[in-house]
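# Summary of the model geometry
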Amino acid sequence: MYEPTHLRTFLAVAQTLSFTQAARRLGLRQSTVSQHVRRLEDAAGRQLFSRDTHAVELTEDGEAMLGFARRILEVHEQATAFFTGTRVRGRLRFGASEDFVLTRLPEILEAFRYDHPEVDLELTVELSGTLHERLAAGKLDLVLAKRLPRDPRGELVWRDDLVWIGAERLRLDPDRPVPLIVYPPPGITRARALEVLERQGRDWRIVCTSGSLSGLIAAARAGLGVMAHSRRLIPPGLFRLPDRAGLPELGKVDFVLVHGHRRGPAEAAADALAAAVLAGGERLRRRSD
């Protein structure tokens, strides 16, 4: 009833909320992407996206289709691998940024290991900047991390707003330097926070530096200061600062998959994990319970 090709296109649009970006990701024309989505909607008998000239959003039925599409494609891939006799194997060095510590990435990795038991998966959790450096040095095979919107590297998983967050009771004194909670260099959110504050001419001081997201969260919950963070991944117990706080806008940030240059088994394993991450991209935008 549901064509796998149409489901993959649907997932690409759902993750990017853009027919143009989905077409670029899939290597298709935008008209073909629209056709795939329309045929899937015809098969389901429901509208999956609400769209106008400014935005694309999932409908309630579209949200429901997300889960079905992922499961259908997972079973389809398992059946294909079983009957063709092709099994992905080898050592895969995968790097994920600290941003995903509190998300449902472990669920995606668990499913991947179940589907590909002959892959030896090595996970590295680090700052996005460090992961990009290790990938360039040939020390990783696949990276899931942040990039700045102007950076051409990687395949877009989703784009989000960067926002200022802190404890609910935190109040900033406009006459004193902004107290910052940041990753050490080469943290991408650190660089962005300092850049926008410098541009605004606002004084700042660093009150906490930690390479661990847990350390930053602890400092923020204690009310020590503010931190720049993805809007969709705000940790429990922390809140977005209101506009009246007077802090400058931080702009957008991209979460991307970037492949290394190894060939052979590592490349096949990286392709398989990248497909699993893209298929489960919506789960990455949700905190684990």
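As the structure is a computational prediction, the values presented were derived from the model and not from experiment. (Residues numbered from 1 in each chain as written. Predicted model: local features only at pLDDT ≥ 70, side-chain atom pairs only at ≥ 80, totals over all residues. Heavy atoms only, no water.)

### Quick notes on the overall build of the chain
- Along its length, the chain carries 10 helices and 11 strands.
- In terms of overall dimensions, the chain has C-alpha extents of about 65 × 45 × 35 Å along its principal axes.
- The buried share of the chain, taken over its 289 residues, is 48%.
- Within the chain, residue pairs in contact and separated by at least 24 positions form 77% of the contacts whose partners lie at least 6 positions apart.
- Total accessible area on the chain stands at roughly 14,600 Å², and carbon and sulfur atoms take up 49% of it. (Helix = DSSP H or I, 4+ residues; strand = E, 2+ residues; numbered from the N terminus. Buried < 20%, exposed > 50% of the residue type's maximum accessible area, 1.4 Å probe, protein only. Contact = heavy atoms within 4.5 Å. Areas by Shrake-Rupley, 256 points an atom, 1.4 Å probe, with all protein chains shown as cover.)

### Observations regarding a nonpolar patch on the surface
- On the surface, Val101, Leu123 and Val125 cluster together to form a nonpolar patch covering roughly 220 Å² of accessible area.
- Mapped onto the fold, Val125 is located in strand 4 (residues 119-126).
- The class of Val125 is partly exposed, set by a relative accessible area of 36%. (Patch = residues over 30% accessible without salt bridge, like charges linked within 9 Å, V, L, I, M, F, W, Y side chains within 5 Å. Salt bridge = Lys/Arg side-chain N within 4 Å of Asp/Glu carboxyl O.)

### Let's talk about the packing of helix 2 (residues 19-26) against helix 3 (residues 30-44)
- In contact at an axis separation of 8 Å, helix 2 and helix 3 are set at 105 degrees when each is read in the N-to-C sense. When the axes of helix 2 and helix 3 are compared, the pair comes out roughly perpendicular. Contacts between helix 2 and helix 3 involve Phe19, Thr20, Ala22 and Ala23 on the former and, on the latter, Gln30, Val33, Ser34 and Val37.
- Taken together, the residues that form the contact of helix 2 with helix 3 break down as five nonpolar, three polar and no charged. (Axes fitted to C-alpha atoms, helices over the stretch in contact; angles between N-to-C directions. Parallel < 35°, antiparallel > 145°, perpendicular 65-115°, else oblique. Nonpolar A, V, L, I, M, F, W, Y, C, P; charged D, E, K, R; others polar.)

### Considerations on the environment of Leu92
- With respect to the secondary-structure elements, Leu92 resides in strand 3 (residues 90-97).
- The class of Leu92 is buried, set by a relative accessible area of 0%.
- In this structure, the C-alpha to C-alpha distance between Leu92 and His6, residues 86 residues apart in sequence, is 29 Å.

### Brief notes about the pattern of salt bridges
- All told, the structure shown has 11 salt bridges when counted by the stated rule.
- The partner of Arg51 in a salt bridge is Glu41, with the nearest N and O atoms 3.6 Å apart. Residue Arg51 is found in strand 1 (residues 49-51), and its partner Glu41 is found in helix 3; the two are separated by 10 residues along the sequence.
- When the shortest N-O distance is used, the salt bridge between Arg147 and Asp254 registers 3.2 Å. Of this pair, Arg147 sits in strand 5 (residues 142-147) while Asp254 sits in strand 11 (residues 252-259), placing them 107 residues apart in sequence. The burial state of Arg147 is the same as that of Asp254; both residues are buried.

### Quick look at the nonpolar core
- Within the largest apolar cluster, 41 residues are counted, with the highest numbers of intra-cluster contacts made by Phe94, Trp164 and Leu273.
- Per element, the largest residue contribution to this core is seven residues, and it comes from helix 9 (residues 265-279).
- With 21 residues, the next largest nonpolar core counts Phe10, Leu11, Leu48 and Phe49 among its residues. (Core = buried A, V, L, I, M, F, W, Y, C linked by side-chain atoms within 4.5 Å.)

### Overview of the pairing of strand 5
- Extensive coverage of strand 5 is indicated by the burial of six of its six residues.
- Relative to strand 5, strand 3 runs parallel, the two being bridged by three bridges. Along strand 5, the bridge assignment pairs Ala96 with Leu144.
- Inspection of the sheet shows strand 5 paired to strand 11 by six bridges, in the antiparallel sense. From the neighbouring strand, Ala145 faces strand 11, where its bridge partner is Val256. (Pairing = 2+ DSSP bridges.)

### Here we look at the packing of aromatic side chains
- Tallied over the full model, the rule gives five aromatic pairs.
- Aromatic side chains Phe100 and Trp158 sit 6.1 Å apart centroid to centroid with 80 degrees between the ring planes, which places their arrangement in the edge-to-face category. Note that Phe100 is positioned in the loop between strand 3 and helix 5 (105-115) and Trp158 in strand 6 (residues 155-166), a separation of 58 residues in sequence.
- A residue is classified by how much of its surface remains accessible, and Phe100, at 3% relative accessible area, is buried.
- Owing to a relative accessible area of 1%, Trp158 belongs among the buried residues under this scheme. (Phe/Tyr/Trp six-rings, centres within 6.5 Å; stacked < 30°, edge-to-face > 60°.)

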